[in-house]
Amino acid sequence: MGDLRRRGVVALGVTALVAPLILAIGATPAQAASCTTSAGPYQKKVEKFLGRPVDGKQSAADCKAIRAFQTKHGIRPNIGYAGPVTWGVMNLMNKQKAVGKNPNKAGKCPTNKGRIACVDLTLQLSWIQDGKKLVYGPVPVRTGRNGYETRTGLKKVYWRNKNHVSTIYDVPMPYSQFFDGGQAFHSVGVSMWNPPGSHGCVNMTSTAAKKYWSLLKKGDDVYVYGRKPGT
């Protein structure tokens, strides 16, 4: 009788573990990531960025707008919560926009090298200049995440491969222009603000990567400086 009771308890325990699993597996994506009703710590700032009424209170419309932004840029969980990651992306966008057409205002990228591709890790921006003349950009980029930081310093484009595929991660790297070991400019199919970042390469949109391909050549200088937020 004791064995039967113990078996019954075990069976109930297994059922209790399996039931939530079945519910989770059967849940639709909408159910799995429902819109939150909670206001986040950056609610007012996020509302202002998105052009929503700034009252610091979460509404269904607020959540829908925040969630759409999160989904577009690959921010997870995309439940419409105005948290630090979402605001961090928006704040970076604001800073990038403020740069305008003078990305080298502080003179940190060398102007005595002729044509050079500059990468500002702090602002996640890149551009090509010739002396003090801006040739192209600035454009938003996606550089190395924590532990895979894009290395700083003066480099040179040493190898170009238009249809490169990564031998490490087995993913396409179109319009690759390598400038430091396995680190290169290349296009990706995700948002430039998709956290946490790349494995060290300077990710670009297809448009920007194609333009860099047409403007740079083997032997051209690349200068990387600053520090990416969160690294």
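Only a predicted model underlies this, so the values are computations on that prediction, with no experimental measurement involved.

## Some words on a nonpolar patch on the surface
Nonpolar side chains collect at one region of the surface, where Tyr-148, Ile-168, Tyr-169 and Val-171 lie side by side and expose about 400 Å² of accessible area between them. Here Val-171 shows up in the loop between strand E5 (159-165) and strand E6 (172-180). When its relative accessible area of 38% is taken as the criterion, Val-171 is described as partly exposed.

## Let's talk about the environment of Leu-134
With respect to the secondary-structure elements, Leu-134 resides in strand E3 (residues 133-140). Take Leu-134: its relative accessible area is 27%, and that puts it in the partly exposed class. Sequence separation between Leu-134 and Ile-116 is 18 residues, and the spatial gap between their C-alpha atoms is 10.0 Å. Ignoring any residue separated from it by four or fewer positions in sequence, one finds Leu-134 in contact with Lys-101, Pro-103, Trp-127, Ile-128 and Gln-129.

## What to know about helix H4 (residues 60-72)
Since there are 3.6 residues in each turn of an α-helix, residues three or four apart along the chain are aligned in direction. Taking 1.5 Å of rise per residue, the 13 residues of H4 would be expected to cover 18 Å, and the 18 Å separating its terminal C-alpha atoms lies within 8% of that figure. For H4, every residue scored as buried is listed here: Asp-62, Cys-63, Ile-66, Phe-69 and Gln-70. One side of H4 holds all its buried residues, which, seen down the axis, span an arc of 130°. For H4, exposure combined with an orientation more than 90 degrees from the buried face picks out Ala-60, Lys-64 and Lys-72. As for H4, its buried residues are in contact with helix H3 (43-49) and helix H5 (84-99). The first or second residue beyond H4 is Gly-74, which carries a positive phi of 70°.

Thresholds, definitions, all that
- Residues numbered from 1 in each chain as written.
- Predicted model: local features only at pLDDT ≥ 70, side-chain atom pairs only at ≥ 80, totals over all residues.
- Heavy atoms only, no water.
- Patch = residues over 30% accessible without salt bridge, like charges linked within 9 Å, V, L, I, M, F, W, Y side chains within 5 Å.
- Areas by Shrake-Rupley, 256 points an atom, 1.4 Å probe, with all protein chains shown as cover.
- Salt bridge = Lys/Arg side-chain N within 4 Å of Asp/Glu carboxyl O.
- Helix = DSSP H or I, 4+ residues; strand = E, 2+ residues; numbered from the N terminus.
- Buried < 20%, exposed > 50% of the residue type's maximum accessible area, 1.4 Å probe, protein only.
- Contact = heavy atoms within 4.5 Å.
- Expected span 1.5 Å × (residues − 1).
- Arc of directions from axis to C-beta.

Such coordinate-based values are descriptive only and should not be taken to indicate function.
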